Amino acid sequence: MSRAIVAPSLSDLRTTTFVVVDTETTGGSARYHELTEIAALKVCGGEVVGHLRSLIHGLSPIPPMIVTLTGITDPMRSLAPEEIEVLNAFTSFVGDAVIVGHNLSFDIGFLDAALIRSTLPPISSRRIDTLRLARHLLRDEVENFKLATLARYLRLRTPSHRALADVLATTDLLHELIGRLGAIGITTFEEIDNLWIAGRTRKASFTRSPSPALKRPRSATTPTD
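An account of the accompanying structure is given in this report. (Residues numbered from 1 in each chain as written. Predicted model: local features only at pLDDT ≥ 70, side-chain atom pairs only at ≥ 80, totals over all residues. Heavy atoms only, no water.)

### Topic: helix H4 (residues 104–117)
With 14 residues, H4 should reach 20 Å at 1.5 Å per residue; the first-to-last C-alpha distance of 20 Å fits that figure. Those residues of H4 that sit buried are Leu104, Asp107, Ile108, Phe110, Leu111, Asp112, Ala113, Ala114 and Leu115. If you follow the buried residues of H4, they end up packed against strand E1 (17–25), strand E2 (35–44), helix H3 (83–94), strand E4 (98–101) and strand E5 (127–129). Directly beyond the C-terminal end of H4, a positive phi value near 55° is found at Thr119. (Helix = DSSP H or I, 4+ residues; strand = E, 2+ residues; numbered from the N terminus. Expected span 1.5 Å × (residues − 1). Buried < 20%, exposed > 50% of the residue type's maximum accessible area, 1.4 Å probe, protein only. Contact = heavy atoms within 4.5 Å.)

Now the structure itself:
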(Lines give C-alpha, C1' and ligand atoms only; values in the text may rest on other atoms or scores of the structure.)
Protein backbone atom coordinates (compact mmCIF):
# COMPACT_ATOMS: atom_id res chain seq x y z
CA MET A 1 0.00 0.00 0.00
CA SER A 2 1.12 3.58 -0.67
CA ARG A 3 1.16 6.56 1.66
CA ALA A 4 0.60 10.14 0.62
CA ILE A 5 3.59 11.88 -0.93
CA VAL A 6 4.14 15.61 -1.26
CA ALA A 7 4.80 16.27 -4.93
CA PRO A 8 8.39 17.49 -5.45
CA SER A 9 9.90 19.48 -8.26
CA LEU A 10 9.52 17.24 -11.30
CA SER A 11 13.07 17.79 -12.53
CA ASP A 12 15.03 17.15 -9.31
CA LEU A 13 16.25 13.55 -9.28
CA ARG A 14 16.87 13.58 -5.52
CA THR A 15 13.27 14.38 -4.62
CA THR A 16 11.33 12.86 -7.51
CA THR A 17 8.95 9.96 -6.92
CA PHE A 18 9.98 6.93 -8.98
CA VAL A 19 8.17 3.68 -9.69
CA VAL A 20 10.72 0.96 -10.39
CA VAL A 21 9.13 -1.85 -12.40
CA ASP A 22 10.03 -5.31 -13.63
CA THR A 23 7.97 -7.86 -15.53
CA GLU A 24 8.27 -11.56 -16.26
CA THR A 25 6.81 -12.95 -19.47
CA THR A 26 6.20 -16.15 -21.44
CA GLY A 27 8.82 -15.13 -24.03
CA GLY A 28 10.65 -12.28 -25.70
CA SER A 29 8.03 -10.84 -28.06
CA ALA A 30 5.41 -8.41 -26.77
CA ARG A 31 3.33 -9.26 -29.84
CA TYR A 32 3.21 -13.02 -29.33
CA HIS A 33 3.88 -13.57 -25.62
CA GLU A 34 2.19 -12.67 -22.36
CA LEU A 35 2.97 -11.09 -19.03
CA THR A 36 3.24 -13.59 -16.18
CA GLU A 37 4.29 -11.37 -13.27
CA ILE A 38 4.84 -7.74 -12.37
CA ALA A 39 6.44 -6.01 -9.40
CA ALA A 40 6.89 -2.33 -8.70
CA LEU A 41 8.37 -0.25 -5.90
CA LYS A 42 7.51 3.40 -5.37
CA VAL A 43 10.51 5.27 -3.97
CA CYS A 44 11.07 8.88 -3.02
CA GLY A 45 14.11 10.42 -1.37
CA GLY A 46 15.77 7.01 -1.10
CA GLU A 47 12.83 5.47 0.80
CA VAL A 48 10.28 2.88 -0.33
CA VAL A 49 6.82 4.42 0.00
CA GLY A 50 4.70 1.82 -1.79
CA HIS A 51 4.80 -1.55 -3.51
CA LEU A 52 2.83 -3.67 -5.94
CA ARG A 53 3.39 -7.31 -6.82
CA SER A 54 1.22 -9.82 -8.65
CA LEU A 55 1.24 -12.88 -10.82
CA ILE A 56 -0.96 -12.46 -13.89
CA HIS A 57 -3.48 -14.95 -15.19
CA GLY A 58 -2.96 -15.91 -18.83
CA LEU A 59 -4.15 -18.23 -21.56
CA SER A 60 -0.84 -19.26 -23.13
CA PRO A 61 1.18 -22.01 -21.44
CA ILE A 62 4.58 -21.02 -20.13
CA PRO A 63 7.37 -22.73 -22.11
CA PRO A 64 9.55 -25.14 -20.09
CA MET A 65 12.64 -22.98 -20.66
CA ILE A 66 10.87 -19.99 -19.07
CA VAL A 67 9.63 -22.12 -16.17
CA THR A 68 13.23 -23.16 -15.53
CA LEU A 69 14.43 -19.57 -15.74
CA THR A 70 11.80 -17.90 -13.56
CA GLY A 71 10.24 -20.69 -11.52
CA ILE A 72 6.78 -19.45 -12.52
CA THR A 73 4.45 -22.26 -13.55
CA ASP A 74 0.99 -22.45 -15.13
CA PRO A 75 -0.62 -23.68 -11.87
CA MET A 76 0.82 -20.64 -10.08
CA ARG A 77 -0.93 -18.36 -12.59
CA SER A 78 -4.22 -20.23 -12.61
CA LEU A 79 -5.66 -18.35 -9.63
CA ALA A 80 -3.90 -15.04 -10.32
CA PRO A 81 -5.84 -11.86 -11.18
CA GLU A 82 -6.79 -11.22 -14.80
CA GLU A 83 -4.44 -9.09 -16.86
CA ILE A 84 -6.75 -6.06 -17.06
CA GLU A 85 -7.18 -6.04 -13.27
CA VAL A 86 -3.42 -5.97 -12.76
CA LEU A 87 -2.94 -3.32 -15.45
CA ASN A 88 -5.50 -1.03 -13.84
CA ALA A 89 -3.83 -1.49 -10.46
CA PHE A 90 -0.41 -0.74 -11.96
CA THR A 91 -1.41 2.42 -13.82
CA SER A 92 -3.19 3.71 -10.71
CA PHE A 93 -0.11 2.88 -8.64
CA VAL A 94 2.20 4.77 -11.02
CA GLY A 95 0.11 7.93 -11.11
CA ASP A 96 2.39 10.81 -12.10
CA ALA A 97 5.60 9.15 -10.91
CA VAL A 98 8.61 8.55 -13.15
CA ILE A 99 8.90 4.94 -14.34
CA VAL A 100 12.29 3.25 -13.99
CA GLY A 101 13.52 -0.12 -15.22
CA HIS A 102 16.59 -1.97 -16.43
CA ASN A 103 16.23 -2.38 -20.18
CA LEU A 104 12.95 -0.57 -19.63
CA SER A 105 11.87 -0.77 -23.27
CA PHE A 106 11.28 -4.52 -22.78
CA ASP A 107 8.90 -3.98 -19.86
CA ILE A 108 7.17 -0.98 -21.42
CA GLY A 109 6.74 -2.91 -24.67
CA PHE A 110 4.88 -5.72 -22.90
CA LEU A 111 2.86 -3.37 -20.71
CA ASP A 112 1.84 -1.20 -23.66
CA ALA A 113 0.87 -4.23 -25.73
CA ALA A 114 -1.27 -5.53 -22.87
CA LEU A 115 -2.85 -2.12 -22.30
CA ILE A 116 -3.72 -1.77 -25.98
CA ARG A 117 -5.23 -5.29 -26.01
CA SER A 118 -7.43 -4.16 -23.13
CA THR A 119 -8.38 -0.94 -24.98
CA LEU A 120 -6.50 1.15 -22.43
CA PRO A 121 -4.05 3.95 -23.30
CA PRO A 122 -0.34 3.09 -23.43
CA ILE A 123 2.05 4.38 -20.79
CA SER A 124 2.99 8.03 -21.21
CA SER A 125 4.94 8.56 -17.97
CA ARG A 126 8.39 10.10 -17.97
CA ARG A 127 10.99 7.34 -17.65
CA ILE A 128 14.58 6.43 -16.86
CA ASP A 129 16.36 3.33 -18.14
CA THR A 130 19.10 2.26 -15.71
CA LEU A 131 20.69 0.20 -18.48
CA ARG A 132 21.29 3.29 -20.58
CA LEU A 133 22.56 5.27 -17.60
CA ALA A 134 24.87 2.44 -16.50
CA ARG A 135 26.37 2.24 -19.99
CA HIS A 136 27.27 5.90 -19.72
CA LEU A 137 28.44 6.03 -16.10
CA LEU A 138 30.12 2.62 -15.77
CA ARG A 139 31.38 2.04 -19.31
CA ASP A 140 35.00 1.56 -18.24
CA GLU A 141 34.31 -0.49 -15.10
CA VAL A 142 32.34 -3.61 -16.03
CA GLU A 143 32.47 -6.25 -18.76
CA ASN A 144 28.76 -5.96 -19.54
CA PHE A 145 25.71 -4.15 -18.25
CA LYS A 146 23.44 -7.04 -17.30
CA LEU A 147 21.61 -6.42 -14.05
CA ALA A 148 23.29 -9.42 -12.40
CA THR A 149 26.76 -8.18 -13.43
CA LEU A 150 26.09 -4.69 -12.08
CA ALA A 151 24.61 -6.08 -8.86
CA ARG A 152 27.76 -8.14 -8.21
CA TYR A 153 30.10 -5.28 -9.05
CA LEU A 154 28.25 -2.67 -6.99
CA ARG A 155 27.24 -5.11 -4.21
CA LEU A 156 23.53 -4.58 -4.71
CA ARG A 157 20.73 -6.96 -3.89
CA THR A 158 20.77 -10.01 -6.14
CA PRO A 159 18.36 -10.31 -9.09
CA SER A 160 16.87 -13.73 -9.83
CA HIS A 161 14.55 -13.50 -12.87
CA ARG A 162 11.60 -12.92 -10.55
CA ALA A 163 9.96 -9.54 -10.71
CA LEU A 164 10.34 -8.49 -7.07
CA ALA A 165 13.99 -9.52 -6.76
CA ASP A 166 14.84 -7.74 -9.99
CA VAL A 167 12.98 -4.60 -8.88
CA LEU A 168 14.91 -4.54 -5.60
CA ALA A 169 18.21 -4.80 -7.48
CA THR A 170 17.15 -2.13 -9.98
CA THR A 171 16.11 0.20 -7.15
CA ASP A 172 19.55 -0.19 -5.59
CA LEU A 173 21.12 0.48 -8.99
CA LEU A 174 18.98 3.59 -9.51
CA HIS A 175 20.16 5.06 -6.21
CA GLU A 176 23.78 4.23 -7.04
CA LEU A 177 23.49 5.91 -10.43
CA ILE A 178 21.78 9.00 -9.02
CA GLY A 179 24.67 9.28 -6.56
CA ARG A 180 27.18 9.06 -9.39
CA LEU A 181 25.27 11.62 -11.41
CA GLY A 182 25.28 13.98 -8.44
CA ALA A 183 29.03 13.56 -8.09
CA ILE A 184 29.49 15.01 -11.58
CA GLY A 185 26.97 17.79 -10.99
CA ILE A 186 23.92 16.22 -12.66
CA THR A 187 20.79 16.40 -10.49
CA THR A 188 17.91 17.01 -12.91
CA PHE A 189 16.19 15.34 -15.85
CA GLU A 190 17.18 18.24 -18.07
CA GLU A 191 20.84 17.57 -17.35
CA ILE A 192 20.40 13.86 -18.14
CA ASP A 193 18.75 14.88 -21.42
CA ASN A 194 21.79 17.04 -22.13
CA LEU A 195 24.01 13.97 -21.65
CA TRP A 196 22.20 12.17 -24.49
CA ILE A 197 22.18 15.27 -26.68
CA ALA A 198 25.91 15.76 -26.11
CA GLY A 199 26.52 12.10 -26.89
CA ARG A 200 24.66 12.35 -30.17
CA THR A 201 26.54 15.53 -31.05
CA ARG A 202 29.92 13.89 -30.39
CA LYS A 203 28.90 10.86 -32.41
CA ALA A 204 27.87 13.05 -35.33
CA SER A 205 31.18 14.89 -35.21
CA PHE A 206 33.08 11.61 -35.50
CA THR A 207 30.96 10.23 -38.36
CA ARG A 208 30.37 13.36 -40.43
CA SER A 209 31.92 13.20 -43.90
CA PRO A 210 34.82 15.61 -44.47
CA SER A 211 34.20 18.72 -46.56
CA PRO A 212 35.03 18.36 -50.28
CA ALA A 213 38.27 20.34 -49.95
CA LEU A 214 39.53 17.98 -47.24
CA LYS A 215 38.41 14.66 -48.69
CA ARG A 216 41.00 11.92 -48.59
CA PRO A 217 41.52 9.13 -51.10
CA ARG A 218 38.64 6.71 -51.26
CA SER A 219 38.38 4.47 -48.17
CA ALA A 220 35.89 2.49 -46.16
CA THR A 221 33.23 4.66 -44.54
CA THR A 222 32.84 4.82 -40.77
CA PRO A 223 29.71 3.12 -39.42
CA THR A 224 27.18 5.54 -37.95
CA ASP A 225 25.91 3.22 -35.25
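After that view, the rundown keeps rolling.
### Looking at the packing of H3 against H4
Interaxial distance between H3 and H4 falls to 10 Å at its minimum, and their mutual angle equals 115°. Handedness of the H3/H4 crossing: left-handed. Where H3 approaches H4, its residues Glu83, Leu87, Phe90 and Thr91 are matched on the opposing element by Leu111, Ala114, Leu115 and Arg117. By residue class, the composition of the contact of H3 with H4 is 5 nonpolar, 1 polar and 2 charged. (Axes fitted to C-alpha atoms, helices over the stretch in contact; angles between N-to-C directions. Left-handed = near helix turned anticlockwise from the far one by under 90°. Nonpolar A, V, L, I, M, F, W, Y, C, P; charged D, E, K, R; others polar.)

### Observations concerning the pairing of E4
Across the two faces of E4 the burial is the same, with Val98 and Val100 and Ile99 and Gly101 all buried. Where E1 and E4 come together, 3 bridges link them in parallel fashion. Across the sheet, the residue bridging to Val20 is Val100, located in E4. With H4 bridging E4 and the parallel E5, this β-α-β connection has right-handed handedness. (Pairing = 2+ DSSP bridges. Right-handed = clockwise from strand over helix to strand, strands pointing away.)

### Some remarks on the side chain of Asp112
Looking at the secondary structure, you find Asp112 in helix H4. For the buried residue Asp112, which engages in no salt bridge, the nearest side chain bearing the opposite charge is Arg127, 5.2 Å off. In this structure, Asp112 is in contact with Pro122 and Ile123, ignoring residues within four places of it in sequence. (Lys, Arg positive; Asp, Glu negative; His and termini not counted. Salt bridge = Lys/Arg side-chain N within 4 Å of Asp/Glu carboxyl O.)

### With respect to the nonpolar core
Inside soluble globular proteins, nonpolar side chains tend to come together where they are buried. Judged by nonpolar contacts, the single largest core of 34 residues is most densely connected at Leu13, Phe18, Ile128, Leu138 and Leu181. Broken down by secondary-structure element, the contributors of at least two residues to this core are E1, E2, E4, helix H5 (130–137), helix H6 (147–154), helix H7 (163–183) and helix H8 (189–207). For this core, the element with the most residues is H7, which contributes 8 residues. The contacts of Leu138, once residues within four sequence positions are left out, are Phe145, Leu150, Tyr153, Leu154, Leu177 and Arg180. Within the second largest apolar cluster, 21 residues are counted, among which are Leu87, Phe93, Phe110 and Leu111. (Core = buried A, V, L, I, M, F, W, Y, C linked by side-chain atoms within 4.5 Å.)

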